[in-house]
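Working through the structure, step by step
Read off the chains here:
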Amino acid sequence: EGRIRLWPLGGRDLNVDTLREGDGVGSRVHDGSIFSISHLRNNNCAGGTSESSYLVSGSFDRSAAIHRVDATLSEGDDGTVDVELETIGRLPEHTGWVRGVQAVQHSTDRAGSGDGRDAVSVLSIGCNLINVWTVVGKEDDGSNSVVRLARLDAGPSPSDPPEETFRRHDILSVAIVGGDEDNEWIVAGLVDGTLRVFDAKFVEWYERRNGGSPYDATGSCDCATFVDEEGGDSTVEDEKPSVSAYAHEGRVTSVLDIPGTSDFVSVGHDGMWVRWNLSHDGATELSKVGEGYVPATDDGADGDADSRRICSSIIVPDGMREAEQSILYVGTTGGRLYKADVSDGGKCELIWKAEDESRGEKICCVSSMAWMKDDEETVNIICCRSDGVVMIFR
């Protein structure tokens, strides 16, 4: 229905009963289903406050939007939290459904904004293209304007025919890996089981934007133009991948960065996960570090293929443990939840399955939240099923 819903917890315990108390706060922000969402807790961005965070959403309506979330405590001692959701920018006209979005915070030094406030950079997928954009300034009518900093073209897969007319493969997922200005990459997972690795040139892209007129903020298939320093039009070519590689049999459902490292995990519909390392010594290099799998049944024997087809995943806890302790959680088409230590590899451990698996309710989304319980920090795994049920595991 194109609606974002937020549940203010206000110090209450995180459980399903809390979610049952109401439909949440929010509004309709897209003219169609929301396929993807990304959250950024950001206290130093233009237009934000100390209580602000940001959500980015991608939709069936071929647009991506960025929203500011402001949460404040109500007057009184009941601990109630008031939440406001405001759409502050939108990139329309992607070439297809926006299946993946990612938000990242860049400091003033990197974004070159000059106002002491950080910038929110957004990645949004349209078919086989990734748009990189940000929110800038105000229009005459008071609305926020957006500019596209760059566009990344996945191009052909390694075994594709050379003809340029060949239909390219859609990108399904995207992640930013690294974080060091000299060692940062944008990684995409495609529907044909391949990966693309792009060198992240955020400083260069912001310098181009700050040094002249930005090019158009649309997702059209045409290469864009901007006004160069001499006042003439210059064509901005799409960025091409530095590495293309096969990773999975079937589509890549997720690519997930491992915080504090140059590693990431690709997760496939084939029931496999692979840990990769990225390095740069004159050229970007991609190497496999380890891998694991979801067994078809509890004992690893052949069984229903749906029980091991991965459709959702997350690395947990993001930033709460050392990188070597990162845990991968995956949800399957058969409605099972598994976990794996990405430093070990091997068979994933089954955490939960439905008593009646014949209903075929898949776990279509997995997320996590750090939470204080009895003065101890815990991690909650939040799973959303295709029948609209939310499950919370501690």
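In what follows, the accompanying structure is described.

Definitions and cut-offs
Per chain, residues are indexed from 1 in the order of the written sequence. Given that the model is predicted, a residue must reach a pLDDT of at least 70 before its local features are reported, and side-chain atom pairs must reach 80 or more before they are shown or counted; all residues, however, enter totals for whole chains, interfaces and linings. Values shown for side chains rest on all heavy atoms present in the structure; no hydrogens or waters enter the calculation. Strands are treated as partners if at least two bridges between them are detected by DSSP. Labels follow the DSSP assignment, with helices taken as runs of H or I lasting at least four residues and strands as runs of E lasting at least two, numbered in each case from the N terminus. For helices, the fitted line uses only the C-alpha atoms of the stretch in contact; every axis is such a line through C-alpha atoms, and the angle between N-to-C directions lies from 0 to 180 degrees. Contacts are assigned to residue pairs that have any heavy atoms within 4.5 Å of one another. For this analysis, a salt bridge means a side-chain nitrogen from Lys or Arg found within 4 Å of a carboxyl oxygen belonging to Asp or Glu. Summary of the burial criterion: residues with accessible area below 20% of their type's maximum are buried, those above 50% are exposed, and those between are partly exposed, where the area comes from a 1.4 Å probe applied to protein chains only.

A separate point is the sheet that holds strand β23 (residues 337-341). As summarised here, the arrangement of the 4 strands in space is β21-β22-β23-β25, forming an open sheet in which the pairing is antiparallel. The sheet is open, and its two edges are formed by β21 (310-316) and β25 (349-352), each paired on a single side. Neighbouring strand axes in the sheet, compared pairwise and without regard to direction, differ in orientation by 30° on average.

The next thing to look at is the environment of Val-132. Tracing the backbone shows Val-132 in strand β9 (residues 129-138). Linking Val-132 and Leu-149, residues 17 residues apart in sequence, is a C-alpha distance of 5.4 Å. What Val-132 contacts, discounting residues up to four positions off in sequence, is Val-122, Leu-123, Val-147, Arg-148, Leu-149, Ala-150, Leu-152, Phe-202 and Trp-205.

Our next topic: the pattern of salt bridges. Two side chains of opposite charge can pair, provided their charged atoms sit close to one another. Tallied over the entire structure, the rule returns 9 salt bridges. Lys-201 is the salt-bridge partner of Glu-239, the closest N and O atoms lying 3.2 Å from each other. Of the two residues, Glu-239 sits in the loop between β15 (233-236) and β16 (243-246) while Lys-201 sits in the loop between β13 (194-199) and α3 (202-211), which places them 38 residues apart along the sequence. The shortest N-O distance in the salt bridge between Glu-291 and Lys-288 comes to 3.6 Å. Taken together, the shared-partner salt bridges connect Glu-1, Arg-3 and Arg-5 into one network.

Most of β13 is tucked away: 5 of the 6 residues are buried. The turn linking strand β12 (residues 183-190) back onto β13 is made up of 3 residues, and Gly-193 within it adopts a positive phi angle of 85°. In terms of strand pairing, β13 meets β16 through 4 bridges, oriented antiparallel. Bridging from a neighbouring strand, Thr-194 pairs with Tyr-246 of β16.

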